[in-house]
Amino acid sequence: MDPETRTFAEQHFRSLEGRALGGGDPAPSRVAFIQEPAAFSYADFVKGFLLPNLPCVFSSAFTEGWGSRRRWVTPEGTPDFEYLLDKYGDMIVPVANCGVQEYNSNPKEHMSFRDYISYWKEYIQGGYSSPRGCLYLKDWHLCRESSMEDLEDVFTLPVYFSSDWLNEFWDALNVDDYRFVYAGPKGSWSPFHADIFRSYSWSVNICGRKKWLLFPPGQEEALRNCHGSLPYDVTASSLLDARLYPGLQHSSPPLEVIQEAGEMLFVPSGWHHQVYNLDDTISINHNWVNGCNLANMWHFLQQELQAVQREISEWKDFMPDWHQHCQVIMKSCSGINFEEFYYFLKTIAEKRLLVLGQGPEEGFRDSTGLGLGHQQAAFDVSRLMEVLTSVITHPDFQRVDTSKFSPRPEELLGQLKEAVAATEAL
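What counts as what
- Residues numbered from 1 in each chain as written.
- Predicted model: local features only at pLDDT ≥ 70, side-chain atom pairs only at ≥ 80, totals over all residues.
- Heavy atoms only, no water.
- Core = buried A, V, L, I, M, F, W, Y, C linked by side-chain atoms within 4.5 Å.
- Buried < 20%, exposed > 50% of the residue type's maximum accessible area, 1.4 Å probe, protein only.
- Helix = DSSP H or I, 4+ residues; strand = E, 2+ residues; numbered from the N terminus.
- Contact = heavy atoms within 4.5 Å.
- Salt bridge = Lys/Arg side-chain N within 4 Å of Asp/Glu carboxyl O.
- Pairing = 2+ DSSP bridges.
- Expected span 1.5 Å × (residues − 1).
- Arc of directions from axis to C-beta.
- Axes fitted to C-alpha atoms, helices over the stretch in contact; angles between N-to-C directions.
- Parallel < 35°, antiparallel > 145°, perpendicular 65-115°, else oblique.
- Nonpolar A, V, L, I, M, F, W, Y, C, P; charged D, E, K, R; others polar.

## Topic: the nonpolar core
And then number 1: One finds F45, F58, W72, F161, F266, F341 and F344 to be the most contacted residues of the largest nonpolar core, which totals 115 residues.
And then number 2: With 10 residues, helix α10 (residues 338-356) is the largest single contributor of residues to this core.
And then number 3: Leave out the neighbours within four places in its chain, and F341 touches L294, M297, W298, L301, I336, V387 and V391.
And then number 4: Listed in part, the 10 residues of the second largest apolar core include V57, L255, L265 and V275.

## Looking at the pattern of salt bridges
And then number 1: What the rule picks out here adds up to 19 salt bridges.
And then number 2: R243 serves as the salt-bridge partner of D241, at 3.5 Å between the closest nitrogen and oxygen.
And then number 3: On the accessibility criterion, D241 (29% relative accessible area) is partly exposed.
And then number 4: Judged by its relative accessible area of 72%, R243 falls in the exposed class.

## Examining the pairing of strand β8 (residues 200-207)
And then number 1: Most of β8 sits out of view: eight of its eight residues are buried.
And then number 2: As paired elements, β8 and strand β13 (residues 281-288) share seven bridges and run antiparallel to each other. Counterpart to C207 in the pairing with β13 is I282.
And then number 3: Pairing of β8 with strand β11 (residues 264-267), which is carried by four bridges, proceeds in the antiparallel orientation.

## Side note on helix α13 (residues 409-423)
And then number 1: Between its terminal C-alpha atoms α13 stretches 21 Å, which fits the 21 Å expected from 15 residues at 1.5 Å a residue.
And then number 2: Listed as buried for α13 are P409, L412, L413, L416, A419, V420 and T423. Angular distribution of buried residues about the axis of α13 spans 125 degrees; they occupy a single face of the element. Turned more than 90 degrees off the buried face of α13, the exposed positions are E418 and A422.
And then number 3: Where α13 is buried, its residues meet α1 (3-16), α10, α11 (374-393) and α12 (395-398).

## Some words on the packing of helix α7 (residues 165-173) against α10
And then number 1: As a packed pair, α7 and α10 sit with axes 10 Å apart at the nearest point and diverge in direction by 95 degrees. Considering the angle they form, α7 stands roughly perpendicular to α10. Between α7 and α10, the residues in contact are W165, L166, E168, F169, W170, A172 and L173 and E340, Y343, F344, T347, I348, K351 and R352, respectively.
And then number 2: Residues belonging to the contact of α7 with α10 are distributed by class as follows: nine nonpolar, one polar and four charged.

## Overview of the sheet that holds strand β7 (residues 189-193)
And then number 1: The antiparallel open sheet is built from four strands, whose spatial order is β7-β12-β9-β10. Since the sheet does not close on itself, it has two edges, and those belong to β7 and β10 (255-259), each with one partner. The sheet shows a mean angle of 15 degrees between the axes of neighbouring strands, direction not considered.
And then number 2: Across six bridges, strand β9 (residues 210-215) lies against strand β12 (residues 272-277) in antiparallel orientation. Paired with K210 across the two strands is N277, which belongs to β12.

As structure tokens, then:
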């Protein structure tokens, strides 16, 4: 991040005055297409798409050097099953059944990659049909299960998505990540959803095409049924029932994107979407959070806690440590609670403060191998300070036992404020 982009970004957030990214803004009429890598900078992405929280598609020129686009794909543009079997056959992968609804998702099972490829071949030979249904390999943590050397031959993290706190944090814990491979036959699909923690995501088709239906933040509200639930499938005929979906008359059609092989889609924070594989398709996808959508993540976590509290409100006067139980339930449902969110903020804050404590010529080099400069660190610290201020004053966070936190939240906030003051002239 250069000084001018940092100034632009900080002014943008001051103008929001606490509003969420993309909340209530007019929906774009189309999704922008970025053709030439040489003509599109990181600053262009930040100003044109990250800050206004708008989607865009990058041409296949941005990924033409990826090893996976050469090795995972046949000359005809289909998945190279033989290469993939030789390389990954013994790995265990998660597989969803697209034909079975389980709440607003699909049930999953685990099988060897070899067994899944065998199924996929049979599915194609059966005219894209099988008594087992349409199975879709989803959320495969290939990065976590591979060496850095092997990954360098698979893909290169685009610089536009290099400020990735979510994976930086989980890499530091060495227990999880939000980097995935998806692979499935023509007709496999993902139901209507928004990404975890209201993260950003990027998705690259290694081969095949996808159709995306994208809904800007807030538009999903018109799709709720009379019970307040969001649909599983936004194309289902049941949505035409005005008694069941009384708000549908106020809805707007989604933005539709056909993503070709090699193309890269940026999905902004809080955009609901539904996705179809139009061909036999393999994609690489990352979820990520940084200073630009950190406030959205915090707002989402507050909503999640409120939902839990409403659900068990009848027990509030009878259950000892009711507020603590709400945090436990929230973590089991959402994957994180207020205590872990503070630890997330602390981990990133300490890394950024370390960068700012070094000379301007120094930088932090994370597990991606991409350097983080002083301007980016200074911007990150300003965003951390704003969100941590909100966290500390939240009544439910004040009920969390922070006596053993190191540093204590107020102490960390003081360090961030000092750093922000010291970097104003940077």
